[in-house]
Amino acid sequence: MTTSQKPWDVVVLGAGSGGYAAALRSAQLGLTVALVERDELGGTCLHRGCIPTKAMLHAAEVADQVREAARIGLRLTFDGVDPVALLEHSDRIVGRLHRGLQGLIRASGIEVVRGHGRLSASDTVRVTAPDGVTSDVIGRHLVLATGSRSRLPAAFERSERILTSDEALRRTEIPRRAVVVGGGVIGVEFASLWRSLGAEVTIVEALDRLLPGEDPTISAGLMRALRNRGIHLRTDAQVRSADDSGDEVTVRLADGEVLDADVVLVAVGRRPVTEDLGLAEVGVELDEGWIRTDPQLHTGIGSIYAVGDLVRGPQLAHRGFGHGIAVAERIAGQHPLPLPDEQIPRVTYSDPEVASVGLTEPAARERFGADGVETVEYPLTGNGKSQILGTSGMVKLVRQTGGPIVGVHLLGSRVGEQIGEAQLWVGWEAYPQDITPFIHAHPTQNEALGEAALALAGQPLHAHS
């Protein structure tokens, strides 16, 4: 075993979204940084999550556009999918971004330590390198950022046909029939992707609606849209067993229904990677697997912080970025304000997309009372650019009665690109009257946000009052 000759200002364990953000911001602030990672820089988001799935979902969008080209007067033919080429396309994008991240880390003077890291003291990460050699990396401050991995409940045994999202992204063939277990973000995105690429898809969800964390009105609209696309939905449904015969998978539901599929995607959430990190030995407490922290993301032990998917809350890459930046600034002596999870934007990249920030209507009524909330729904049928794109959906705004906008909820193609403005409204606690003087460009989908604000202010222009 070797020991580092000097303590680093910051040692970050894990180089995913939260970890590399903490490392880069720390280096910007003049701190010395060691970044411990056993796999590739960028973590799940870059290599097995956000980027490859969205690359494939863009390809799915193009496939749908070609199929529907006759609607706008274009004679195009869709001849099928080359799964190998699709995977190569995704890998090229991941590769370019990975090389860019490696360059940023090098240019920032961050020391990358390869291997599996484990706490051996409140200021020390013991790293076992791929060749088995161990070394101690000592830091005045430690940032835990080991992320999360897919859950696989006891009813499922991973096989060539029973997959998590990790394996689904590496497949080199499109399934003819797919069952997606779980109607959250990952399940809905894969169901949308496979349907666009020609699969017959069924989503099985234990709760009564898809995307249960979103506003019920938006969930209902999404479910209608997916059914119209030919995706079969089984809500209020529990999976009893899934048996891989080698040729197909037989899924048995608790109500006796049997579903046969070429593949089953198990998308029932992700769990934090907190095992074999030495947490208990140094006194770091867990809360059902998540690391317990205060609002400043401090664990209460020494100068150890935790960020991203290790901390209970929305499992979003950009939440990890925000956590990593905030922790680096606190270590450097600054005082960033905690960002409430409800002010972090959420996007589901299905067709149609769902994007939201702030409180849902039920959550707002719980906080402000049944009579303390006003809402408005502006349908995209009144938006010119949405008609050009051939999408339907809505903008739903939630405000405290007589007060600020506390929730913005969007449904429709490409609405994820509009959520930045909505985050500003919720973050600055804007009143509808604060927004109405701002002119939104015409014709854009962004205009629908302005129209909804006008309606909420009692000044609808392209909607009935």
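Everything here concerns the structure above.
Here the residue numbers are simple positions, counted from 1 along each chain's written sequence. This being a predicted model, a pLDDT of at least 70 is required before a residue's local features are given, and a value of 80 or more before pairs of side-chain atoms are given or counted; all residues contribute to the totals for chains, interfaces and linings. Think of the side-chain values as coming from all heavy atoms in the structure, minus any hydrogens and water.

S.K.: Now, about the pairing of strand 16 (residues 263-266): what can you tell me, with residues and values included?
M.R.: Covered by surrounding structure in strand 16 are V263 and L265 together with V264 and V266, the residues of both alternating faces. Any two strands with at least two DSSP-identified bridges between them are counted as paired. Elements are defined by DSSP. Helices are runs of H or I of four residues or more, strands are runs of E of two residues or more, and each kind is numbered from the N terminus. Pairing analysis gives two bridges linking strand 9 (residues 162-163) to strand 16, with the strands arranged parallel. Along strand 16, the bridge assignment pairs I162 with V264. Across four bridges, strand 10 (residues 177-181) lies against strand 16 in parallel orientation. Bridge pairing links V181 to V266 in strand 16. Here's how the labels work: a residue is buried when its accessible area is under 20% of the maximum for its type, exposed when over 50%, partly exposed in between, all with a 1.4 Å probe on protein chains only.

S.K.: Kindly report on the sheet that holds strand 15 (residues 258-261), identifying the contributing residues and their values.
M.R.: With antiparallel pairing, the three strands of this open sheet are ordered in space as 13-14-15. Edge positions in the sheet fall to strand 13 (239-244) and strand 15, since each of these pairs with one other strand and no more. For this sheet, the mean inter-axis angle between neighbouring strands, taken without regard to orientation, is 15°. Sheet topology places strand 14 (residues 249-253) next to strand 15; four bridges connect them, and they run antiparallel. Paired with V249 across the bridge in strand 15 is A261. With axes taken as lines fitted to C-alpha atoms, and helix axes fitted only over the stretch in contact, angles between N-to-C directions fall between 0 and 180 degrees.

S.K.: Can you break down the pairing of strand 22 (residues 353-358) residue by residue, with the values?
M.R.: Among the six residues of strand 22, six are classified as buried, and the element is accordingly described as predominantly covered. Hairpin connection, strand 21 (residues 346-348) to strand 22: the antiparallel pair is bridged by four residues. Pairing of strand 22 with strand 25 (residues 405-412) involves six bridges; the strand directions are antiparallel. Residue S356 lies in a different strand from strand 25, and its bridge partner there is H409.

S.K.: Could you give me a rundown of the state of the cysteines, with the residues and numbers involved?
M.R.: Cysteine sulfur pairs qualify as disulfides if the two atoms are within 2.5 Å. Within the structure shown, the criterion is met by one disulfide. There is a disulfide in this structure between C45 and C50, and the S-S distance comes to 2.5 Å. Of note, the bridge from C45 to C50 carries an S-S torsion of about -130° and is left-handed in sense.

S.K.: Can you explain the nonpolar core? Please cite residues and give values.
M.R.: In plain words, nonpolar cores are sets of buried Ala, Val, Leu, Ile, Met, Phe, Trp, Tyr and Cys residues tied together by side-chain atoms within 4.5 Å. V12 and L144 are the most contacted members of the largest nonpolar core, which totals 45 residues. Contacts are assigned to residue pairs with any non-hydrogen atoms lying within 4.5 Å of each other. Among all residues touching V12, those that are not within four sequence positions of it are G19, A22, A23, V33, A34, L35, V36, V143 and A145.

S.K.: Residue-level account of unusual backbone geometry, with values.
M.R.: Following D351, the chain continues into P352 via a peptide bond in cis, with omega recorded as 5°. Position of P352 relative to the elements: it lies in the loop between strand 21 and strand 22. Omega for the bond connecting H442 with P443 falls within 30 degrees of zero, at -5°, which places this linkage in the cis form. Here P443 lies in the loop between helix 13 (432-435) and helix 14 (446-456). The residue L211 is not glycine, and still its phi comes out positive at about 45°. As for its placement among the helices and strands, L211 is situated in the loop between strand 11 (200-204) and helix 7 (216-228). Looking at L211, the relative accessible area reads 4%, which means it is buried. Positive phi values are uncommon outside glycine, yet E429 reaches one of about 60°. Along the polypeptide, E429 turns up in the loop between helix 12 (419-427) and helix 13.

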